[in-house]
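Structural overview for review
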Amino acid sequence: MGFVPTTSVVHRRQVLGIIPSAFTEKNLIGKTCGKELKVATMHERLLKMMEFGDAFMALLGGFVTLEEIFQIVS
């Protein structure tokens with residue numbers, strides 16, 4: 001994970017990384033901080049984000065990032 005979650009952990013905030021299992025199987029993610037929850041699909045990831053999230057922040061990304069933003073705000 002990057003700067004934002006690492007800084008959150010340093011300041012004693014909770015961080016939950018919700019990661020599709022395909023990303024972890026192919027080692028497409030780096031080391032995580034905080035808790036990690038593996039899910040089967042991207043759709044399940046979005047549902048878990050809405051279930052557990054108190055706040056959402058979007059950083060640079062592609063079309064999937066935009067899709068997730070629109071689904072969360074709608």
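Fair warning: this is a prediction, and the values are worked out from it, not measured in the lab. Here the residue index of a chain counts from 1 through its sequence in written order. Restriction of local features to residues with pLDDT of at least 70 applies here, the model being predicted, together with a cutoff of 80 or more for giving and counting side-chain atom pairs; totals for whole chains, interfaces and linings are based on all residues. Computation of side-chain values covers all heavy atoms of the structure but excludes hydrogens and water.

Thoughts on helix 3 (residues 42-52)
All buried positions along helix 3 are accounted for by Arg45, Leu46 and Met49. Along helix 3, the residues classed as buried sweep out an arc of 100° about the axis, all on the same side. In helix 3, the exposed positions angled more than 90 degrees off the buried face are occupied by His43 and Glu51. When checking whether two residues touch, look at their non-hydrogen atoms; a contact exists if any pair is within 4.5 Å. A run of DSSP states H or I qualifies as a helix once it reaches four residues; a run of E qualifies as a strand once it reaches two. Both are numbered from the N-terminal end. Where helix 3 is buried, its residues contact strand 1 (16-20), strand 2 (35-39) and helix 4 (63-73). In this scheme, a residue with accessible area under 20% of its type's maximum is buried, one over 50% is exposed, and one in between is partly exposed, where area comes from a 1.4 Å probe on protein chains only. The arc in question is traced by the directions running from the helix axis to the C-beta atoms.

Digging into the pattern of salt bridges
Counted as salt bridges are all cases of a side-chain nitrogen of Lys or Arg within 4 Å of a carboxyl oxygen of Asp or Glu. Inspection of the entire model under this criterion finds two salt bridges. Close ionic contact of Arg45 with Glu68 constitutes a salt bridge, the shortest N to O distance being 2.6 Å. In this pair, Arg45 is assigned in helix 3 and Glu68 in helix 4, connecting sequence segments 23 residues apart. On the accessibility criterion, Glu68 (13% relative accessible area) is buried.

Points about the packing of helix 3 against helix 4
As a rule, the C-alpha atoms of each element are fitted with a line to give its axis, helices using only the stretch in contact, and angles between N-to-C directions run from 0 to 180 degrees. It is the contact of helix 3 with helix 4, at a shortest axis distance of 11 Å, that shows an interaxial angle of 45°. In terms of orientation, helix 3 lies oblique with respect to helix 4. Crossing of helix 3 over helix 4 shows right-handed handedness. On helix 4, the residues touching Met42, Arg45, Leu46, Met49 and Met50 of helix 3 are Val64, Glu68, Gln71 and Ile72. Under the scheme applied here, ten amino acids are nonpolar (Ala, Val, Leu, Ile, Met, Phe, Trp, Tyr, Cys and Pro), four are charged (Asp, Glu, Lys and Arg), and all others, including Gly, are polar. Tallied by class, the residues present in the contact of helix 3 with helix 4 amount to six nonpolar, one polar and two charged. In what follows, roughly perpendicular refers to angles from 65 to 115 degrees, roughly parallel to angles under 35, roughly antiparallel to angles over 145, and oblique to any angle outside these ranges. Crossing chirality is assigned from the near helix's rotation relative to the far helix, an anticlockwise turn below a right angle marking it left-handed and a clockwise turn marking it right-handed.

Some remarks on a nonpolar patch on the surface
Taken together, Phe63, Leu66, Ile69, Phe70 and Val73 make up a surface patch of nonpolar side chains, about 570 Å² in accessible area. Of note, Leu66 is situated in helix 4. We classify Leu66 as partly exposed; its relative accessible area is 42%. For patches, a residue must show more than 30% relative accessible area and have no salt bridge; joins then use 9 Å for like charges and 5 Å for nonpolar side chains, namely Val, Leu, Ile, Met, Phe, Trp and Tyr. Under the convention used here, a 1.4 Å probe and the Shrake-Rupley method define accessible areas, while residue burial counts only the protein chains that appear.

Some points on the side chain of Glu68
By the criterion applied in these results, polar contacts are pairs of N or O atoms within 3.5 Å in which, for protein atoms, one can donate a hydrogen and the other can accept it, and in which residues neighboring in sequence qualify only through two side-chain atoms. There is a polar contact of 2.6 Å between the side chain of Glu68 and the side chain of Arg45. Dropping the residues within four chain positions of it, Glu68 is found in contact with Met42, Arg45 and Leu46.

Digging into unusual backbone geometry
The backbone of Arg12 sits at a positive phi, close to 60°, despite the residue not being glycine. Of note, Arg12 is situated in the loop between helix 1 (3-10) and strand 1.

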